[in-house]
Amino acid sequence: MSNLSSRLRSLCADYKILLRNIPSLTVCVFVLSVVCANLMANKELVSYKYVALDCGFVFSWAMFLCMDVICKRWGAAASIKVSLMALFVNLAVCATFALLSKTPGMWGEFYSTENPQVNDALNATFGGAWYVVLGSGLAFITSSIVNALLNSAIGRFVGEKGFASFALRSYVSTAVAQLVDNLVFATVVSKVFFGWTWTQVVICSAIGAVCELLCEVLFSGIGYKIVCGWEKENVGKEYFDFLEKQKRRA
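Everything quoted here is computed from the prediction, not taken from an experiment. (Residues numbered from 1 in each chain as written. Predicted model: local features only at pLDDT ≥ 70, side-chain atom pairs only at ≥ 80, totals over all residues. Heavy atoms only, no water.)

Time to look at the overall build of the chain. A count of helices and strands for the chain gives 10 helices and two strands. For the chain, the sequential pattern of α-helices and β-strands runs α-α-β-β-α-α-α-α-α-α-α-α. Principal-axis analysis of the C-alpha atoms gives the chain an extent of 65 × 40 × 35 Å. Buried residues in the chain amount to 39% of all 250 residues. Sequence-distant contacts in the chain: of pairs separated by 6 or more residues, those separated by 24 or more amount to 75%. Accessible area of the chain: about 13,700 Å², with a carbon and sulfur share of 68%. On the chain, the mean spot of the 21 positive side-chain charges and the mean spot of the 16 negative ones are 12 Å from each other. (Helix = DSSP H or I, 4+ residues; strand = E, 2+ residues; numbered from the N terminus. Buried < 20%, exposed > 50% of the residue type's maximum accessible area, 1.4 Å probe, protein only. Contact = heavy atoms within 4.5 Å. Areas by Shrake-Rupley, 256 points an atom, 1.4 Å probe, with all protein chains shown as cover. Lys, Arg positive; Asp, Glu negative; His and termini not counted. Charge placed at Lys NZ, Arg CZ, Asp CG, Glu CD.)

So, on to unusual backbone geometry. Glycine aside, a negative phi is what most residues show, and trans is what most peptide bonds show. Its identity as a non-glycine residue notwithstanding, Asn 234 has a phi of 60°, on the positive side. Position of Asn 234 relative to the elements: it lies in the loop between helix 9 (198-233) and helix 10 (237-249).

All right, on to the side chain of Asn 151 then. Its place among the elements puts Asn 151 in helix 7 (residues 130-158). Within the structure, the side chain of Asn 151 is placed 2.6 Å from the side chain of Arg 169, a separation counted as a polar contact. Contact partners of Asn 151, with chain neighbours within four places excluded, come to Asp 68, Cys 71, Arg 169, Ser 170 and Ser 173. (Polar contact = N/O pair within 3.5 Å; in protein donor to acceptor, adjacent residues only side chain to side chain.)

With that out of the way, let us pick up the packing of aromatic side chains. To describe a pair of aromatic rings, one takes the distance between the centres and the angle between the planes. Applying the stated criterion across every chain, the model contains 10 aromatic pairs. Ring centres of Tyr 131 and Phe 194 lie 6.2 Å apart, and the angle between their planes is 80°; this geometry places the pair in the edge-to-face category. You can see Tyr 131 sitting in helix 7 and its partner Phe 194 sitting in helix 8 (residues 163-194), a full 63 residues away along the chain. Residue Phe 194 is classed as exposed on the basis of its relative accessible area of 51%. Judged by centre distance (5.4 Å) and plane angle (75°), the rings of Phe 163 and Tyr 224 are edge-to-face. Of this pair, Phe 163 sits in helix 8 while Tyr 224 is found in helix 9, placing the two residues 61 residues apart along the sequence. Ring pairing ties together the aromatic residues Phe 97, Trp 107 and Phe 126, which thus form one cluster. (Phe/Tyr/Trp six-rings, centres within 6.5 Å; stacked < 30°, edge-to-face > 60°.)

With that settled, the discussion passes to the pattern of salt bridges. According to the stated counting rule, one finds four salt bridges in the structure shown. Asp 241 is paired through a salt bridge with Lys 237; the nearest N and O atoms lie 2.8 Å apart. Here the residue Asp 241 and the residue Lys 237 both occupy positions in helix 10, the gap between them amounting to four residues, near one helical turn. Among the residues examined, Asp 241 registers a relative accessible area of 35% and is labelled partly exposed. What makes Lys 237 partly exposed here is its relative accessible area of 43%. (Salt bridge = Lys/Arg side-chain N within 4 Å of Asp/Glu carboxyl O.)

Another aspect to go through is the nonpolar core. Membership of the largest hydrophobic core comes to 30 residues, with the highest contact counts inside it found for Leu 18, Ile 22, Phe 30, Met 63, Trp 74, Val 82 and Phe 140. When neighbours within four sequence positions are excluded, Phe 140 is seen to be in contact with Phe 30, Val 34, Met 63, Ser 83, Ala 86, Leu 87 and Asp 181. Membership of the second largest hydrophobic core comes to six residues, among which are Leu 53, Phe 57, Ala 62 and Cys 215. (Core = buried A, V, L, I, M, F, W, Y, C linked by side-chain atoms within 4.5 Å.)

One can describe the packing of helix 8 onto helix 9 by two numbers: an axis separation of 7 Å at closest approach and a directional angle of 145°. Between helix 8 and helix 9 lies a crossing whose hand is right-handed. Looking at the contact of helix 8 with helix 9 residue by residue, the class counts come to 16 nonpolar, 10 polar and three charged. (Axes fitted to C-alpha atoms, helices over the stretch in contact; angles between N-to-C directions. Left-handed = near helix turned anticlockwise from the far one by under 90°. Nonpolar A, V, L, I, M, F, W, Y, C, P; charged D, E, K, R; others polar.)

Now for the environment of Gln 178. Within the secondary structure, Gln 178 sits in helix 8. Residue classification places Gln 178 among the buried positions, given a relative accessible area of 1%. If near-sequence neighbours (up to four positions away) are discounted, Gln 178 is found in contact with Ser 60, Trp 61, Phe 64, Ala 209 and Glu 212.

Taking 1.5 Å per residue, 17 residues should reach 24 Å; helix 2 (residues 24-40) reaches 24 Å between its end C-alpha atoms and fits that length. Among the residues making up helix 2, those that are buried are Thr 26, Val 27, Phe 30, Val 31, Ser 33, Val 34, Val 35, Ala 37 and Asn 38. For helix 2, the elements touching its buried residues are helix 3 (57-74), helix 4 (76-100), helix 7 and helix 9. (Expected span 1.5 Å × (residues − 1).)

Spelled out as structure tokens, the structure:
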């Protein structure tokens, strides 16, 4: 029991120092992109036989770019820890929206249309379906782990210096992780509940991953400059010192 208590205290201290060391704007953008991607996944952006993109696509690249810069500076474990926190916040927001959608009040849009179906539709949209929340949560955390581990592994292989190294590890890990994300969500939600065929699942997941990768490529230069700034200013030193102390104690 004392050993478990000690591990919990160490984990809490780890999270506390990590979140204090990662710039707040990065964490804010990451968490907001996760919440917004989950919410906007309710609306189609492109829908064709083998091409299906929802509006969450607009935010998904930001999620992975944030994970890539965190992984580059603080490592795979830190990226996964922040992803778990973002998942928890997203689930809390979904639960809150679901509860508020059950309240008897009317949405503002109702008063401009006076159509009760508008109110019901908005309640259903913000309340969400449990299987969509389950599928998106499972897809997000699975792809986050894949992205962090693959990004870190490629970084050890190609080295840590230069934009080419950052780009290679980011592009490869993002492409694979986005494909995993799309496959998990399409299998859990679209295949089971919407009746997609396996052909649709695979092709739509692959096309979606390519589109999301292109956004990553477009904005990766910004991510690299951010990481270089952190390294130059030695951002995160307190957390690195904490990890070094933990190693010595072990």
